[in-house]
Structures are given as structure tokens and as C-alpha cells.
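# Examining the three-dimensional arrangement
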Amino acid sequence: MSAGATTPGVRALVEGAVRVLDEAGVPSPRVDATALAAYALGLPRLELALAPDPAPDGFVEEFAGLVERRRSREPLQHIVGSTVFRYLTLRVEPGVFVPRPETEVVAQVAIDEAARLVAAGGRPLVVDLCCGTGAIALSVDTEVPGADVVAVDLSAEAVGLTRANHGAVGTLGMRVEQGDVRDPALLAELAGRVDVLVSNPPYVPPDAVPREPEVRDHDPDLALYGGGLDGLDVPRAVLAAAARLLAPGGLLVMEHAEVQDAAVRQAAAATGAFEQVRTLPDLTGRPRMLVARRVAGPDAPSGVEDSQP
């Protein structure tokens, strides 16, 4: 900046960043520009009406670098190193799937069931398969005192990040394990004892490459693509694990793509292990979640309900 020039205020700089991000196709340019400014200022959030004017020393250069990273479609969560999921602020790192707002509804169903069991005098055992950052597991862990929670992921990076988030926000009783949901011996000691099994597994088919650069270029393939022509190899493995691990009457909650609802219900019914098989909507009303109960035995009848409004 030339001698005698006046340092612009943070609000003006944010407005300029909004235009830059909007031109780059960033979906929420104002939210992101404001979040980047707050991060550069060392604040958890920023009210633009109260933003410093002029900007403090060093802010212009740091903010410009952050905006450039976001303009190139690096995920906001990777830049600031965290994301908010329900009531938690979780650490986020490259190489681990960034939790999405729609998965908060999946967590809610598991939380409601665990809370119901606690209210009835039980101590529910909840397992989160393909846990990623630990978002679902930690939400149950912190929102349902009295529940025992186990989180599992195949990725060493995800397990490490879940453990870090657990250390920051979780309770002492939660377990975090590395394991493959396709392994029939996974959590063998819990077979038939789990009250709630919840999962947001990889489910993207191989020919459905995400359009958003933040997802396509930054989320790990291991957390995106579910395997097989329909993307449902891993979700089917979750169904098999749920059939083995859930106690009679235990609840399965599993996220899937909106075009997979019928196929997932059919896959659940085909196991013969579930009843009350149904689909629930996400925040936008799209069919995104399988919910089913474990029947008493593999030969017991199972029913399939249509997608719920």
C-alpha cells in the first residue's frame, strides 16, 4: 500500500471478497467471506456492523490469501480447520470427509432413539460405522448422557481425527476403533447387543462424480464412493453388520443418496433381518435415510414401507 494511503475497513474488504467468491461460483459467498474474515481476526464469528475500521495490521494480506484459497474452491472447513455440526465445533482436516448439515437429521434419529431408551431406564449401546470426523458419534455421546458409544472407521486419518475431536468435546466413555465394515468379525464382542447402529457410509456410484469441486477434489474417494455399479457395496456391508450387531428391536439408521431409497429398502428387506423398513427425508425433503428395526431372528418376517413424507 502506498505511503499515505488509508487502510480499508474490514467491512469493505469483506464486500470485495463477496464479489470475488461469487464470480468464482462459490455457493455462499457472503457467509464464506465473513467466516474467513472472522478467522483472520481470531474471532469465532464476526458481526460486520462491528468490524474494525480500519483493518488491523496484517489483516489485508492474510485475508487476501484466505480468499484466494476459497476462490480456488478449497473447502471453507479446510481453510479454517473446523466445522459446526449440531451443537459441536469439530476439527476438520484434509483427507477426512467433511460432515454435511443434512447428516444432522440422521444423527437426530439415532439421538432420539438413544434418549428414549435412557428415559426408559436403559443404558443404550450405540455404534457409528464409517464415522469420519466422529460427528454423529460425538453428537450422541454429548447429547445423550447414559449412552455408551463406539465409533468405527476404516481410514486411519478418520480414526485419528475422531479421537482428536473426542478428546476435545467428548465424554470419557466413548470408544473409537479402526476397522472395516466389510469384516464379518468387526466388533464381534458386541454381536446381538447393540441398541442403535447409525452410519453415513460412502454410497456415491462410480459414474456419479460430484459436481462441486469442494467434494470432488477434496473429499477422499474412500469416503465418497460406495463400490459396485450402484454405489451400494459398502451400504450393503453396513446392513450385514447391523443384522449381526443389533439386538432384537434395535434400530438401524443409515444415510444414502436420494436416488437409492428404493434399492436400499429392498436390500434391507432381502437380508430378512429387519422390519419396519422405511425411508425418512433430509432437511430439504429428499429421501435420504433408511430406518429399520432388527427382528428377533433371521427367519422372522420383515416388511418394507414406502418412502415417508
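Residues numbered from 1 in each chain as written. Predicted model: local features only at pLDDT ≥ 70, side-chain atom pairs only at ≥ 80, totals over all residues. Heavy atoms only, no water.

### Some remarks on the environment of Leu138
So the rule is basically this: Put simply, DSSP H or I for four residues or longer makes a helix, DSSP E for two residues or longer makes a strand, and each gets a number counted from the N terminus. Note on contacts: a residue pair qualifies if any of its non-hydrogen atoms lie within 4.5 Å across the two residues.
Topologically, Leu138 is positioned in helix H6 (residues 135-143). Each C-alpha atom of the pair Leu138 and Ser155 lies 17 Å from the other, and the pair is 17 residues apart in sequence. Discounting chain neighbours no more than four positions away, the residues touching Leu138 are Leu88, Leu90, Thr133, Asn165, His166, Val169, Gly170 and Met174.

### Let's talk about the pairing of strand E9 (residues 287-294)
Going by this rule: Only protein chains enter the accessibility calculation, which uses a 1.4 Å probe. A residue is then buried if its area is under 20% of the maximum for its type, exposed if over 50%, and partly exposed in between. By the convention used here, strands pair only if DSSP detects at least 2 bridges between them.
In terms of burial, E9 is a largely internal element, seven of the eight residues being buried. One ladder, built from five bridges, connects strand E7 (residues 246-255) with E9; its direction is antiparallel. Note that in E9 the partner of Glu255 across the bridge is Met289. Linking two consecutive strands that pair antiparallel, namely strand E8 (residues 274-281) and E9, is a turn of five residues; a positive phi of about 85° is found at Gly285 within it.

### Describing helix H5 (residues 103-119)
Here is the rule: Working rule for helices: expected span equals 1.5 Å times residues minus one.
Between its first and last C-alpha atoms H5 spans 24 Å; for 17 residues at 1.5 Å apiece the expected length is 24 Å, and the two agree. Of the positions making up H5, those classed as buried are Thr103, Val105, Val106, Ala107, Val109, Ala110, Ile111, Glu113, Ala114 and Leu117. Looking at the residues trailing H5, positive phi occurs at Gly121, about 95°.

### Observations regarding the sheet that holds strand E4 (residues 148-153)
Spelled out, the test is: To get an axis, a line is fitted to the C-alpha atoms, and for a helix only the part in contact is used. The angle between two axes follows their N-to-C directions and goes from 0 to 180 degrees.
Here seven strands make up an open sheet; going across it, the order is E5-E4-E3-E6-E7-E9-E8 and the pairing mixed. The open sheet is flanked by strand E5 (175-178) and E8, the only strands paired with a single partner. Between one strand and the next, the sheet's axes are offset by a mean angle of 15°, whatever the strand orientation. In the sheet, E4 pairs with E5 via four bridges, with the strands oriented parallel.

### Thoughts on unusual backbone geometry
The backbone of Cys130 sits at a positive phi, close to 60°, despite the residue not being glycine. Structurally, Cys130 can be placed in the loop between strand E3 (125-129) and H6. Judged by its relative accessible area of 18%, Cys130 is buried. Its identity is not glycine, yet Gln276 carries a phi of approximately 55°, on the positive side. Among the secondary structure elements, Gln276 is positioned in strand E8. For Gln276, a relative accessible area of 40% corresponds to the partly exposed category.

### Digging into the side chain of Glu74
What counts, and what does not: Under the rule applied, a polar contact is a pair of N or O atoms within 3.5 Å (in protein, one hydrogen donor and one hydrogen acceptor; residues adjacent in sequence only if both atoms are side-chain atoms).
Among the secondary structure elements, Glu74 is positioned in the loop between helix H3 (59-71) and helix H4 (76-80). Reaching out from Glu74, the side chain makes a polar contact with the side chain of Arg69 at a distance of 2.7 Å. Sequence-distant contacts of Glu74, defined by excluding residues within four places in its chain, comprise Arg69, Ile79 and His218.

### Things to note about the nonpolar core
Short version of the rule: We define a nonpolar core as any set of buried Ala, Val, Leu, Ile, Met, Phe, Trp, Tyr and Cys residues linked to one another through side-chain atoms lying within 4.5 Å.
Counting residues in hydrophobic clusters, the biggest one holds 32 residues, and the most contacted among them are Leu197, Leu252 and Phe274. Secondary-structure elements contributing two or more residues to this core are E3, E4, strand E6 (194-199), helix H10 (233-245), E7, helix H11 (261-270), E8 and E9. Considering every element that reaches this core, the biggest residue donor is H10, with eight residues. Counting 31 residues, the second largest nonpolar core, distinct from the first, contains Leu90, Val105, Ala135 and Leu138.

### Focus: the side chain of Asp32
Its location among the elements puts Asp32 in helix H2 (residues 29-41). The class of Asp32 is buried, set by a relative accessible area of 3%. Of note is the side chain of Asp32, whose polar atom sits 2.9 Å from the side chain of Ser28. Leave out the neighbours within four places in its chain, and Asp32 touches Leu21, Val26, Arg70 and Leu76.

### Observations concerning the confidence of the model for the protein chain
Operational definition: Predictor confidence is given residue by residue as pLDDT, running from a minimum of 0 to a maximum of 100.
Mean pLDDT over the protein chain: 89, with 93% of residues reaching 70 or higher. Low confidence marks residues 298-309, where pLDDT is under 50. Its contacts with residues over four positions away, or in another chain, come to 32 contacts.

### As for the packing of H5 against H6
Using the following cut-off: Put simply, angles under 35 degrees are roughly parallel, angles over 145 are roughly antiparallel, angles from 65 to 115 are roughly perpendicular, and the rest are oblique. By convention the crossing between two helices is left-handed if the near helix lies anticlockwise of the far one by an angle smaller than a right angle, and right-handed if it lies clockwise. Classification convention: Asp, Glu, Lys, Arg as charged; Ala, Val, Leu, Ile, Met, Phe, Trp, Tyr, Cys, Pro as nonpolar; all other residues, Gly among them, as polar.
Running from amino to carboxyl end, H5 crosses H6 at an angle of 40°, the nearest separation of the two axes being 9 Å. With respect to their mutual orientation, H5 and H6 come out oblique. When you trace H5 past H6, the crossing you get is right-handed. Counting all contacts with H5, which are made through Thr103, Val106, Ala107, Ala110, Ile111 and Ala114, the residues of H6 involved are Ile136, Ser139, Val140 and Glu143. Looking at side-chain class alone, the contact of H5 with H6 contains seven nonpolar, two polar and one charged residues.

### Regarding the packing of H2 against H3
The packing of two helices is summarised by the inter-axis angle and the distance between the axes. Interhelical geometry of H2 versus H3 gives an angle of 140° and a closest axis separation of 10 Å. By the angle class used here, H2 and H3 are oblique. H2 and H3 meet at a crossing whose hand is right-handed. Residues Asp32, Ala33, Leu36, Ala37, Tyr39, Ala40 and Leu41 of H2 form the contact with H3, whose participating residues are Phe59, Glu62, Phe63, Leu66, Val67 and Arg70. Of the residues assigned to the contact of H2 with H3, the class counts are 10 nonpolar, no polar and three charged.

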